Amino acid sequence: MANLKIVELLSDRMSLEYWFTFPIGVVIATIAMASGVEGATFFTPLFIIGLGLPTEVAVGTGLITEAFGFSSGLYAYVRKGLIDYQLGGRLLLVTIPLALLGTWLAKSIPGDVLKGILGVGLFAIAVSFLRSPKPAAIAVLDQDIETHQDSHPQTCITDATNATYCYTIAHPTEGRILAGLGALFLGMVSTGLGEMNGYFLMQRCRVPSKVAVATSVFIVAITALTASIGHVVQFAHAGDDTLTTVLSLVIFTAPGVLIGAQFGSIVANRLPHHLLERSMGILFVLVGAILLGEITLHHRAIALAWLQNLGCLV
């Protein structure tokens, strides 16, 4: 009965002022799914710069929105039979607790510091996209993995088309460390895990590219869902106003990303993936620069005000 009253109270207070995030969500999810970027990498800066939300609220809302978007992509990879659940489960044992740790740390880190971490992270993601390997290089890596596999491979996966991928996972400790760091940043600033996971699973862990991408989506989807639940709990403790703002956004962004995720595969088939990655790299450089520029201007204004006050006192 108490829960019903809370739901009724929130529904009465929820606003329709964020209706425009529905079409924006469709566009962002389309681009994110086509380029293989985590949705929150787009949404969190949008919520900070465009809507002026506090950084920790923007991070949590971005993760909640991403969880809806990844559910669609995850379903597609489940149907294709490309996910290595054994590898995914081992990495989730690391990513889930560290993502929750990140959500806990985020509430005690000043907003400008979180914004700075996000800005620097966007620069790092931009570099990874601008230096990403071309499809020909990935094909060579896949061929090398197949050629130099053990006589008794650790894992064999047969997908929905009856194609079989056999491999032995190399450098598992490195994989856990990198996935753990990505999950920590995912919990704190809503991005980092997918970008850290993808190519690393191919290059260092020697997992075939199709399996690596599908398994990375599986890991990020479950980890993002867990981290978003952690943020929702914090929003509930923060009070009705914060939770109402988040829900007022999610009722529009969630259906937007679910629709956009379906368009993403169409766009991916029609545009060169390498061109998309280069475009995303340039975009993230610009957004990262805007975030860091905002922090600089904010602290400059504070410093000038402090100097003026000091001059008046003198």
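Let us look at the structure shown here. A quick note: this is a predicted structure, and the numbers were derived from the prediction, not measured.

## Focus on the environment of Leu63
Then comes step 1: Tracing the sequence through the fold places Leu63 in helix α4 (residues 55–80).
Then comes step 2: As a C-alpha pair, Leu63 and Glu38 span 25 residues in sequence and 9.2 Å in three-dimensional space.

## Regarding the nonpolar core
Then comes step 1: With 35 residues, the main nonpolar core has Phe42, Leu53 and Phe284 as its most contacted residues.
Then comes step 2: Contributing elements (two or more residues each) for this core: α2 (21–35), α3 (40–50), α4, α6 (111–130), α8 (172–189), α11 (240–270) and α12 (273–313).
Then comes step 3: Per element, the largest residue contribution to this core is 7 residues, and it comes from α11.
Then comes step 4: Ignoring any residue separated from it by four or fewer positions in sequence, one finds Phe42 in contact with Ile28, Ile31, Ala32, Val37, Met280, Leu283 and Phe284.
Then comes step 5: Counting residues in each nonpolar core, the second largest holds 25 residues, with Leu82, Val211, Ala212 and Val217 among its members.

## Let's talk about the packing of aromatic side chains
Then comes step 1: This model, assessed by the stated rule, comprises 4 aromatic pairs.
Then comes step 2: When the centroid spacing of 5.3 Å and the interplanar angle of 50 degrees are considered together, the rings of Phe42 and Phe284 count as tilted. Here Phe42, found in helix α3, pairs with Phe284, found in helix α12; they are 242 residues apart in sequence, far enough to count as distant. Here the two residues Phe42 and Phe284 agree in accessibility, since each one is buried.
Then comes step 3: Between Tyr85 and Phe218, the aromatic rings sit 5.3 Å apart at their centres with planes inclined by 80 degrees, giving edge-to-face as the arrangement. Of the two residues, Tyr85 is situated in helix α5 (residues 85–106) and Phe218 in helix α10 (residues 209–238); the sequence distance between them amounts to 133 residues.
Then comes step 4: On the basis of relative accessibility, which here comes to 47%, the residue Tyr85 falls in the partly exposed class.
Then comes step 5: For Phe218, a relative accessible area of 13% gives the class buried.

## Considerations on the pairing of strand β2 (residues 164–167)
Then comes step 1: Only one face of β2 is buried, namely the one carrying Tyr165 and Tyr167, since none of Thr164 and Cys166 on the opposite face is buried.
Then comes step 2: Here strand β1 (residues 155–158) runs beside β2; their pairing, made up of 4 bridges, is antiparallel. When the sheet's bridge partners are listed, Thr158 is paired in β2 with Thr164.

## Quick notes on the packing of α5 against α8
Then comes step 1: At their nearest, the axes of α5 and α8 sit 7 Å apart, and the two run at 30 degrees to each other. Accordingly, the angle class assigned to the pair α5 and α8 is roughly parallel. In the packing of α5 onto α8, the handedness of the crossing is right-handed. Each of Arg90, Leu91, Val94, Thr95, Leu98, Ala99, Leu101, Gly102, Thr103, Leu105 and Ala106 in α5 lies in contact with α8, whose residues at this interface are Gly175, Arg176, Ala179, Gly180, Ala183, Leu184, Gly187 and Met188.
Then comes step 2: For the contact of α5 with α8, the per-class residue count stands at 11 nonpolar, 6 polar and 2 charged.

## Focus on α4
For an α-helix, 3.6 residues make a turn, and residues three or four places apart therefore share a direction.
Then comes step 1: Taking 1.5 Å per residue as the helical rise, α4 with its 26 residues ought to reach 38 Å, and the 37 Å between its terminal C-alpha atoms agrees with that figure.
Then comes step 2: Taken from the residues just after α4, Gly81 is the one with a positive phi, measuring 70 degrees.

## Points about the packing of α8 against α10
Then comes step 1: Where α8 meets α10, the closest approach of the two axes is 9 Å, and the angle between their N-to-C directions is 35 degrees. Here α8 and α10 pass one another in a crossing that is right-handed. Judged by residue contacts, Ala183, Leu186 and Gly187 of α8 engage Thr223, Ala224, Ala227 and His231 from α10.
Then comes step 2: For the contact of α8 with α10, the per-class residue count stands at 4 nonpolar, 3 polar and no charged.

## Points about the pattern of salt bridges
Then comes step 1: Here the structure, examined in full by the defined rule, presents 1 salt bridge.
Then comes step 2: In this structure, Lys115 and Glu294 form a salt bridge, with 3.4 Å as the shortest nitrogen-oxygen distance. Residue Lys115 is located in helix α6, and its partner Glu294 is located in helix α12; the two are separated by 179 residues in the primary sequence.
Then comes step 3: You can call Lys115 buried: its relative accessible area is 11%.

Conventions used here
Residues numbered from 1 in each chain as written. Predicted model: local features only at pLDDT ≥ 70, side-chain atom pairs only at ≥ 80, totals over all residues. Heavy atoms only, no water. Helix = DSSP H or I, 4+ residues; strand = E, 2+ residues; numbered from the N terminus. Core = buried A, V, L, I, M, F, W, Y, C linked by side-chain atoms within 4.5 Å. Buried < 20%, exposed > 50% of the residue type's maximum accessible area, 1.4 Å probe, protein only. Contact = heavy atoms within 4.5 Å. Phe/Tyr/Trp six-rings, centres within 6.5 Å; stacked < 30°, edge-to-face > 60°. Pairing = 2+ DSSP bridges. Axes fitted to C-alpha atoms, helices over the stretch in contact; angles between N-to-C directions. Parallel < 35°, antiparallel > 145°, perpendicular 65-115°, else oblique. Left-handed = near helix turned anticlockwise from the far one by under 90°. Nonpolar A, V, L, I, M, F, W, Y, C, P; charged D, E, K, R; others polar. Expected span 1.5 Å × (residues − 1). Salt bridge = Lys/Arg side-chain N within 4 Å of Asp/Glu carboxyl O.

Geometry only, nothing functional implied.
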